[in-house]
Amino acid sequence: MTLPLIAILRGILPEEARDVAEVLIGAGITRIEVPLNSPDALRSINTMSKAFSAVAEIGAGTVLTLDEVQSVADAGASFVVSPNCEPAIIERTRALGLGSFPGVFTASECFSALRSGANALKIFPANVMRPEGLSALRAVLPAGAEMYPVGGIGPDDFAAWRRAGATGFGLGSSLFKPGFSLDRIADEAARSVAAWQSSADPT
């Protein structure tokens, strides 16, 4: 079963992409996002996709334009993440057969994203909304809407957010920063997976 945890590798270098992805996959995190404002992000995506597409989903983040959607699709990405809700980006992403995770914060943005075909909603910045805000959104959104808080989230926060209705999480600096050793990434990934499992029944 794929854990609903997305590793956000902002700042990763192409030459370390394969090794970092291998460590994450080994820990059980099989959704990996490379933001496009990382150095030579398309090469990192392509490297990881070629090596691990059979066992992991490799995606692109900070995707802001239609041209970028096409570029990440050509590089082998299987999903697209944006910091904002832009219907044209969502629609193009889905037309290319990729998963769409647009960034949303308000009810209006949530409904717009879902109407445009988003697979899941990236709640961003989550540390501003807090679990209480997510709970309020849950009360009005379709029951099946998948919601992934991103921004300031770490393993210690999982239980509270899951009680509020989170489907999964995007994990950035709590999991990876440029300069982290592979051992540290492995340790942080294992801690995140364990926290997810232990919060499975947050009630």
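Look above for the structure.
Residues numbered from 1 in each chain as written. Predicted model: local features only at pLDDT ≥ 70, side-chain atom pairs only at ≥ 80, totals over all residues. Heavy atoms only, no water.

## Some points on the packing of helix α1 (residues 14-27) against helix α2 (residues 41-52)
Piece 1. Relative to each other, α1 and α2 sit at 45°, their axes nearing to 8 Å. By the angle class used here, α1 and α2 are oblique. Here α1 runs over α2; the crossing is right-handed. Residues Pro-14, Glu-15, Ala-17, Arg-18, Ala-21, Glu-22 and Ile-25 of α1 form the contact with α2, whose participating residues are Arg-43, Ser-44, Thr-47, Met-48, Ala-51 and Phe-52.
Piece 2. In the contact of α1 with α2, the residues fall into 7 nonpolar, 2 polar and 4 charged. (Axes fitted to C-alpha atoms, helices over the stretch in contact; angles between N-to-C directions. Helix = DSSP H or I, 4+ residues; strand = E, 2+ residues; numbered from the N terminus. Parallel < 35°, antiparallel > 145°, perpendicular 65-115°, else oblique. Left-handed = near helix turned anticlockwise from the far one by under 90°. Contact = heavy atoms within 4.5 Å. Nonpolar A, V, L, I, M, F, W, Y, C, P; charged D, E, K, R; others polar.)

## Overview of the pairing of strand β2 (residues 31-35)
Piece 1. Among the 5 residues that make up β2, 5 are buried, leaving the element largely enclosed by the rest of the structure.
Piece 2. Of the two faces of β2, the one carrying Arg-31, Glu-33 and Pro-35 and the one carrying Ile-32 and Val-34 are both buried.
Piece 3. Where strand β1 (residues 5-8) and β2 come together, 3 bridges link them in parallel fashion. Within β2, the residue paired with Ile-8 across the bridge is Glu-33.
Piece 4. Note that the unit made of β1, α1 and β2 has a crossover that is right-handed.
Piece 5. Pairing geometry for β2 and strand β3 (residues 57-61), over 5 bridges, is parallel. Opposite Val-34, over in β3, you have Ala-60 as the bridge partner.
Piece 6. Where the polypeptide runs from β2 across α2 and back to β3, its parallel neighbour, the crossover connection is right-handed. (Buried < 20%, exposed > 50% of the residue type's maximum accessible area, 1.4 Å probe, protein only. Pairing = 2+ DSSP bridges. Right-handed = clockwise from strand over helix to strand, strands pointing away.)

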